[in-house]
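Analysis of the macromolecular model
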Amino acid sequence: MATVFTYHNAIRLEDLAGIRRFIKEAMEHWGADEETVEGFVMAVNEGVTNVLLHGYQAQSGIVEIEVQHSGSKFVVTLRDEAPLYDPTGCPAPDTRAPLEKRGSGGMGIHMMRHFTDSLEYRVTGDGHNELIFTKTEAIDGNTN
């Protein structure tokens, strides 16, 4: 799998639109279908938002995003230097419960899971967070 695009920068919440555009353009470069792009962009946006709000406490912080493509598969790897946190361990919210009965939070992680085929977390060799979003049937496998 070849790296397509890499984004590495100190970002703030105001930079989210640019990150969404970056993911969208990378996926559209190979002809990913519109519905897949929209969902995958939303999933990655939620991941970056969580890093900024919770990891960096709404302050600027380093974020690296790699977009990879092979056949019909897309992988987005999100790395950050915020305190370690594994969002994949969060329990799924009860989306059938009335809003007033639900606890706060958890919907962003729910969306990340919903719009991806797999969501993995690991700690990098240098002790930072790495969240991997995978979508396997994003385009016709003959498109390169």
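What comes next concerns the included structure. These figures come from a predicted structure and were not determined experimentally.

Attention now goes to the pairing of strand 3 (residues 73-80). In terms of burial, strand 3 is largely enclosed, as seven of its eight residues are buried. In this antiparallel pair of consecutive strands, strand 2 (residues 61-70) and strand 3, the connection spans two residues, and Gly71 shows a positive phi of 60°. Sheet topology note: the strand 3/strand 5 (residues 129-135) ladder contains seven bridges and is antiparallel. The partner of Leu78 across the bridge, within strand 5, is Leu131.

Time to look at the side chain of Asn129. Relative to the assigned elements, Asn129 resides in strand 5. Here Asn129 falls in the buried class, since its relative accessible area comes to 4%. Reaching out from Asn129, the side chain makes a polar contact with the backbone oxygen of Ala82 at a distance of 3.1 Å. Of note is the side chain of Asn129, whose polar atom sits 3.1 Å from the backbone oxygen of Pro83. What Asn129 contacts, discounting residues up to four positions off in sequence, is Leu78, Arg79, Asp80, Ala82, Pro83, Leu84, Tyr85, Tyr121, Arg122 and Thr124.

In this section: the packing of aromatic side chains. Applying the stated criterion across every chain yields a total of four aromatic pairs. Centroid distance Phe5 to Trp30: 6.4 Å. Interplanar angle 65°. Geometry classified as edge-to-face. Taken together, the residues span a long stretch of sequence, with Phe5 in strand 1 (residues 2-11) and Trp30 in the loop between helix 1 (16-28) and helix 2 (34-55) at a distance of 25 residues.

Right, let's get into unusual backbone geometry. Phi at Gln57 takes a positive value of approximately 55°, unusual for a residue other than glycine. Tracing the backbone through its elements, the reader meets Gln57 in the loop between helix 2 and strand 2. Positive phi, normally seen in glycine, also occurs at Ala58, with a value near 65°. As for its placement among the helices and strands, Ala58 is situated in the loop between helix 2 and strand 2.

Time to look at helix 3 (residues 107-114). All buried positions along helix 3 are accounted for by Gly108, Ile109 and Met112. An end-on view of helix 3 places all buried positions within 100° of arc, on one side of the element.

By size, the foremost hydrophobic cluster in this structure holds 33 residues, and its most contacted members are Ile23, Val48, Ile65 and Phe133. For this core, the secondary structure elements donating two or more residues are strand 1, helix 1, helix 2, strand 2, strand 3, helix 3, strand 4 (118-123) and strand 5. Those residues in contact with Ile23 that sit more than four places away from it in its chain are Val41, Val44, Ile65, Val67 and Val76.

With 13 residues, helix 1 extends 18 Å between its outermost C-alpha atoms, agreeing within 8% with the 18 Å of an ideal straight helix rising 1.5 Å per residue. Those residues of helix 1 that fall on the buried side of the exposure criterion are Leu16, Ile19, Phe22, Ile23, Ala26 and Met27. Each buried residue of helix 1 sits inside an arc of 120° when the element is viewed along its axis, so together they form one side.

Right, let's get into the packing of helix 2 against helix 3. Two numbers describe how helix 2 lies on helix 3: the axes approach to 8 Å, and their chain directions differ by 145°. As for the relative orientation of helix 2 and helix 3, their crossing is left-handed in sense. Touching Met42, Ala43, Glu46, Gly47 and Asn50 of helix 2 are Gly108, Ile109, Met111 and Met112, all from helix 3. Classifying every residue of the contact of helix 2 with helix 3 by side-chain character gives five nonpolar, three polar and one charged.

Criteria and thresholds
- Residues numbered from 1 in each chain as written.
- Predicted model: local features only at pLDDT ≥ 70, side-chain atom pairs only at ≥ 80, totals over all residues.
- Heavy atoms only, no water.
- Buried < 20%, exposed > 50% of the residue type's maximum accessible area, 1.4 Å probe, protein only.
- Helix = DSSP H or I, 4+ residues; strand = E, 2+ residues; numbered from the N terminus.
- Pairing = 2+ DSSP bridges.
- Polar contact = N/O pair within 3.5 Å; in protein donor to acceptor, adjacent residues only side chain to side chain.
- Contact = heavy atoms within 4.5 Å.
- Phe/Tyr/Trp six-rings, centres within 6.5 Å; stacked < 30°, edge-to-face > 60°.
- Arc of directions from axis to C-beta.
- Core = buried A, V, L, I, M, F, W, Y, C linked by side-chain atoms within 4.5 Å.
- Expected span 1.5 Å × (residues − 1).
- Axes fitted to C-alpha atoms, helices over the stretch in contact; angles between N-to-C directions.
- Left-handed = near helix turned anticlockwise from the far one by under 90°.
- Nonpolar A, V, L, I, M, F, W, Y, C, P; charged D, E, K, R; others polar.

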